[in-house]
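Each chain, written out:
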Amino acid sequence: MQARTARGELTAVVGTGETRTGQSRAPGWRGGFGRLWTAAVVSRFGDALRTSALPLLAVRLSDEPLVIASVTACGYVPWLLFGLLGGALADRVDGRRAMWAVDTVRGLLVAAFAVTVGLGHASIPLLLVLAFTLTTLQTLFDNAATALLPALLDRAALGGANARLMTGQQIAGGLLAAPLVPLLLTAGVAMPFAADAGTFLVAAALVASLRMRPPERAPRPAGSTLRTEIGAGLRALWGDRALRAICVATLLCNIGMGALIATLALHVTRWLDAGDAGYAAAMTAYSVGSIAGGFAAQRLALRTGRVRALLVAGAVQTSSLLLIGSVRHLAALVAGMLLLGAMNLVWNVNQVTLMQQRSPGAMVGRIASAFRTASTSGAPLGALLGGVAARAYGLNGPALLAAVLFALAVTSLIPARMPDVPVVAPHGDVTTARAER
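(A) Representation of helix 10 (residues 275–304) within the structure. Here helix 10 contains 30 residues, and its C-alpha end-to-end distance of 40 Å stays within 8% of the 44 Å for a straight helix at 1.5 Å per residue. The largest bend in helix 10 is about 40°, located at Ala296. Of the residues trailing helix 10, Gly305 is marked for its positive phi of about 95°.

Here you go:
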């Protein structure tokens with residue numbers, strides 16, 4: 001299950017933050033997008049193998065819950081520490097080179113870890129260092145990837161490209177990789193990590209094979225530092241009323257998702273008394289819904305516009321969470337998780353596309369990093385609030401808390417539909433347009 005990401009058709013942009021999509025076109029598989037898509041899907045497949053195997057390996061090394069949880073926590077901390085820095089670096093360097101270089105380093109690190117595990121020298125400190133280091137490198141990789149797509153494709157194709165990328169990643173990570181982990185573990189505890197190392201190196205080779213010119217960037221002012229560039233990115237994000245509203249809404253949603261995810265096992269096994277099979281059914285429903293949402297995201301945007309698509313997604317998810325938290329039946333949970341997953345992909349595709357379309361080309365990395373930092377900070381906060389809600393109001397309390405937060409997120413999107421919102425035209429200039437009525 002994923003929190004909000006960050007992760008299009010730009011024929012006319014209006015002050016509501018809506019992007020008219022009637023003349024959109026699908027991204028061509030030639031010209032580099034096919035290789036980028038394959039690299040992203042292969043990499044996500046390997047990530048799912050590793051993230052599923054790490055907690056299982058941690059359980060073999062320790063039975064202390066706090067120690068095991070700290071392995072997962074180390075996957076969040078670098079985003080809080082280095083997320084904004086990674087965005088600033090992504091706007092300075094050639095994104096293609098940064099991506100293949102980072103993936104090469106990550107592949108070598110995981111390969112070395114697989115050898116260490118195979119030799120029986122694994123330890124909790126080693127797991128913590130690996131999780132922290134990989135995510136630190138990911139802060140540069142993900143922000144560079146977000147900035148690379150608008151440089152590779154015309155902006156009219158960004159919505160379709162994001163939908164295809166996220167759908168492919170969900171299939172690879174949500175449906176294909178997780179069931180393979182137990183099989184790989186029977187062949188040896190190091191096998192999931194060896195496979196993950198291979199996917200990193202394959203993805204690096206695919207990205208390195210892309211033939212494209214680095215995006216043109218204006219010379220940096222004399223004396224410009226990473227700190228001032230990060231500040232400029234944050235001001236640009238805050239100064240765009242639509243992006244600011246979407247960022248606040250995404251943060252609220254991630255707090256709600258954090259509350260739900262942290263307590264979902266208790267909700268299913270104790271409040272519903274549905275056991276492990278019920279939990280598996282809920283997670284499967286979420287994955288299937290996510291894939292369906294990936295296929296529907298672009299079509300919904302074509303009919304409604306992207307901000308309206310976000311409003312629809314948030315409203316449906318609010319209703320789904322109310323269903324999950326108020327109806328004490330496994331069928332209600334499965335239906336709610338199915339809709340929750342579908343609308344999560346609708347939200348992610350349209351949120352990321354809007355951010356890419358509205359951001360000046362030289363600031364995509366920094367604005368993307370601000371989105372991701374907000375997302376990551378919301379999830380652990382939500383997990384804590386979910387625990388408090390479960391203790392104070394019952395095991396269904398976190399789902400109802402999440403419903404309230406999603407409703408607030410939908411409300412916070414209203415400023416994105418107000419007049420006189422600054423917009424970014426295809427050539428990157430900032431203009432102002434009147435609201436769509």
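The discussion continues.
(B) View of the packing of aromatic side chains. Following the criterion strictly, the structure yields two aromatic pairs and no others. Measuring from ring centre to ring centre gives 6.2 Å for Phe82 and Phe132, while their planes differ by 80°; the resulting arrangement is edge-to-face. Remark: Phe132 occurs in helix 5 (residues 124–152) and Phe82 occurs in helix 3 (residues 77–92); sequence separation between them is 50 residues. Residue Phe132 is classed as partly exposed on the basis of its relative accessible area of 28%. Over the aromatic face of Trp238 sits the side chain of Arg244, whose NZ or CZ is 5.1 Å from the ring centroid.

(C) Quick look at the pattern of salt bridges. Here the structure, examined in full by the defined rule, presents six salt bridges. Here Arg50 makes a salt bridge to Asp47, at a shortest N to O gap of 3.1 Å. A residue pair is termed a helical-turn pair when its members lie 3 or 4 positions apart in one helix, as Arg50 and Asp47 do in helix 1 (residues 33–61) at three residues. In this structure, Arg50 and Asp47 share a single accessibility class: buried. Asp196 is paired through a salt bridge with Arg50; the nearest N and O atoms lie 2.7 Å apart. Placement of Asp196 in helix 7 (residues 191–208) and of Arg50 in helix 1 is noted, with a sequence separation of 146 residues between them. One salt-bridge network, held together by shared partners, links Asp47, Arg50 and Asp196.

(D) Structural context of the nonpolar core. Grouped together as the largest cluster of nonpolar side chains are 53 residues, with contacts concentrated most on Leu333, Met337 and Phe371. Taken together, the elements giving at least two residues each to this core come down to helix 6 (158–186), helix 8 (226–239), helix 9 (241–271), helix 10, helix 11 (306–326), helix 12 (330–358), helix 13 (364–393) and helix 14 (397–412). Excluding its chain neighbours within four sequence positions, the residues that come into contact with Leu333 are Leu264, His267, Val268, Leu272, Ala282 and Ile324.

(E) The arrangement of the packing of helix 1 against helix 4 (residues 95–118) in detail. With their axes 13 Å apart at the nearest point, helix 1 and helix 4 run at an angle of 30° to one another. In terms of orientation, helix 1 lies roughly parallel with respect to helix 4. The chirality of how helix 1 crosses helix 4 is left-handed. Side by side, helix 1 and helix 4 meet where Leu36, Ser43, Leu54 and Leu57 of the first sit next to Met99, Asp103, Phe113 and Val117 of the second.

Each value, and the rule that gives it
- Residues numbered from 1 in each chain as written.
- Predicted model: local features only at pLDDT ≥ 70, side-chain atom pairs only at ≥ 80, totals over all residues.
- Heavy atoms only, no water.
- Helix = DSSP H or I, 4+ residues; strand = E, 2+ residues; numbered from the N terminus.
- Expected span 1.5 Å × (residues − 1).
- Bend = angle between axes of the 7 residues up to and from the residue.
- Phe/Tyr/Trp six-rings, centres within 6.5 Å; stacked < 30°, edge-to-face > 60°.
- Buried < 20%, exposed > 50% of the residue type's maximum accessible area, 1.4 Å probe, protein only.
- Lys NZ or Arg CZ within 6 Å of the ring centre and 35° of its normal.
- Salt bridge = Lys/Arg side-chain N within 4 Å of Asp/Glu carboxyl O.
- Core = buried A, V, L, I, M, F, W, Y, C linked by side-chain atoms within 4.5 Å.
- Contact = heavy atoms within 4.5 Å.
- Axes fitted to C-alpha atoms, helices over the stretch in contact; angles between N-to-C directions.
- Parallel < 35°, antiparallel > 145°, perpendicular 65-115°, else oblique.
- Left-handed = near helix turned anticlockwise from the far one by under 90°.

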